[in-house]
Amino acid sequence: MTDSYLYAAARTPFGRFSGALANVRPDDLAALAITGTLAKTPGLDPAEIGDVVWGNANGAGEDNRNVGRMAVLLAGLPTSVPATTVNRLCGSSLDAAMIASRAIETGDADIVLTGGVESMTRAPWVLPKPAKAFPAGDVTAVSTTLGWRLVNERMPKEWTVSLGEANEQLADRFAVTRERQDAFAARSHNLADDAWNAGFYDDLVVPVTVDAKGATLDRDEGIRPGSTAEKLAGLKPVFRTDGVITAGNASPLSDGASAVLLGSGAAAARIGTDPVARIAGRGVSALDPQLFGYAPVEAANRALKSAGITWSDVAAVELNEAFAVQSLACVDAWGADPDIVNAKGGAIALGHPLGASGGRLLATLAHRLRTSGERWGVAAICIGVGQALAVVLENATATGGNR
C-alpha cells in the first residue's frame, strides 16, 4: 500500500440558479475545471492520467451519458484517458476523490483526476415513460433540480419528506434556534466575502466566459456582503409557517464544477510539483433518510479514527452548509471549535452545486492548511437519503512532504 496525495485543484465560480452560468452547459463547466486544474501542473503529460472519476448528482439532461468522459473529451485530453461518473448525490465529487485515493493506494493507478459538476439551472423536467404507447390521461413533468422525484410508493412517508422539512425536524430534535441559524448564515456570507477580498480564492477559481460578448463570471455569485442576523431574521420560513428555515439560512440552488488532481508520492516527478496534502482518512455513514443532515457526525468520526487522530488534533474543518441547522447540529455533536469551521465561508454563501461541492471542500481545506501551516483538517458533507462522507487531510508540508 502507498499513500495518496492531493496535488492541484481548481473550480469554477459557483453561480446562482438562473444566474450568470445559466447559459453554460454542465459538460463545458466540467471541462473548464479540468483544464484549470491541469494548468497548475504544466509538466504533466495528460496521457499519464490513469483514470478520471467524476461526480454528478442529477444526470438527467446535458450531463447524461457519463459526463466525466464527456468532460475529458471536451477538455482536449487524449482519447486514451478513461473516465467514469459516480453518483452519491451531494457527496458525488467527494466520493470520486475517495474512490480515486483507494485506487492509488492499492496500485491500480498512479495519477487520477477527480471532480464533479452540476447545473441545477439546466436540470430538465422529465416525464415517466408509459407502460403502453399513447396514454389517454394527463402526465406530469417532474423537475430534476433537487430532491425526491418519481418516488416509489413502497418508501415510508417519513423517509420522503422534503429536504427542508427534514431539517425542520432536526431543528426540533436538537433545539437549534432560528437566531443561531441566522447568525451562522450571516457569518458564512461575511467570511466568504472577506476571503475573496483577501485573495484566498484567487488561486482556486478559474473564470467562466458566460456569453458570446466575452463577459465572464470570476467570483461566486451568491455572496451577500454585509449580511447580518438581524437582516436575515426578516425572511419568512419556507417549509413551515412557524418554521425556522428560510432562503437565507439554507444553501441556494447553484451551478458549477470542481476538479482535484490526486497521485501517489512517487508520481510527483511526473506531475512536476510537490503534493499539497495527504489523504489520511476516510469515513462513510448512513442513517434514516430524513436525518441526513446529521450523518456527517459519524462519517467524520470514522475518518478521524481511520487517520489515527482525534478532534483535538484538527485545525480546520470544511463542512458543507446544506442548511445552517444541520451544520450547527454536527458541530455541536463533534464539540469542535466553531471558529475553525468554514473559516473562508461555506455553501450558504458560496453555493452548493450538488455534484461539485465535495471537490470544493477538499480544495479549500488543502489550501487552508497550506496557508496556515497547520497539520490536520476534515472535509465532510451530508447527502440526501440519509448518508454522509468525510475525508481527513494531512498537510504534506507540515509532515515534510512525501511519506
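Here, every reference points to the structure presented above.
Below: a short report on this structure. (Residues numbered from 1 in each chain as written. Predicted model: local features only at pLDDT ≥ 70, side-chain atom pairs only at ≥ 80, totals over all residues. Heavy atoms only, no water.)

1. Comments concerning the pattern of salt bridges
Next up, step 1: One pass over the full model with this rule turns up 20 salt bridges.
Next up, step 2: For Asp332, the salt bridge identified is with Arg180, shortest N-O distance 3.0 Å. On the criterion of sequence distance, the pair formed by Asp332 in helix 9 (residues 324-334) and Arg180 in helix 5 (residues 178-197) is long-range, its members being 152 residues apart.
Next up, step 3: Taking the relative accessible area as the measure of exposure, Asp332 reaches 42% and is therefore partly exposed.
Next up, step 4: Residue Arg180 is classed as partly exposed on the basis of its relative accessible area of 34%.
Next up, step 5: Across the pair Glu394 and Arg375 runs a salt bridge whose closest N-O atoms are separated by 2.7 Å. (Salt bridge = Lys/Arg side-chain N within 4 Å of Asp/Glu carboxyl O. Helix = DSSP H or I, 4+ residues; strand = E, 2+ residues; numbered from the N terminus. Buried < 20%, exposed > 50% of the residue type's maximum accessible area, 1.4 Å probe, protein only.)

2. Description of helix 4 (residues 163-174)
For an α-helix the count is 3.6 residues per turn, leaving residues at separations of three or four pointing the same way.
Next up, step 1: For helix 4, built from twelve residues, the straight-helix expectation of 16 Å at 1.5 Å per residue is met to within 8% by its first-to-last C-alpha distance of 17 Å.
Next up, step 2: Buried residues of helix 4: Gly164, Glu165, Ala166, Asn167, Glu168, Leu170 and Ala171, and no others.
Next up, step 3: Looking at the buried side of helix 4, the elements it contacts are helix 5 and helix 9. (Expected span 1.5 Å × (residues − 1). Contact = heavy atoms within 4.5 Å.)

3. Examining a nonpolar patch on the surface
Next up, step 1: A surface patch of nonpolar side chains, amounting to about 240 Å² of accessible area, comprises Met70, Leu73 and Leu74.
Next up, step 2: Of note, Met70 is situated in helix 2 (residues 67-74).
Next up, step 3: A relative accessible area of 31% means that Met70 is categorised as partly exposed. (Patch = residues over 30% accessible without salt bridge, like charges linked within 9 Å, V, L, I, M, F, W, Y side chains within 5 Å. Areas by Shrake-Rupley, 256 points an atom, 1.4 Å probe, with all protein chains shown as cover.)

4. Observations regarding the nonpolar core
Next up, step 1: Tyr201, Leu262, Leu362 and Leu393 are the most contacted members of the largest nonpolar core, which has 44 residues in total.
Next up, step 2: Excluding residues within four positions of it along the chain, Leu362 makes contact with Leu6, Leu94, Ala97, Ala379, Val391 and Leu393.
Next up, step 3: Core analysis: the second largest hydrophobic core is formed by 34 residues, Ala33, Val67, Leu113 and Leu217 among them. (Core = buried A, V, L, I, M, F, W, Y, C linked by side-chain atoms within 4.5 Å.)

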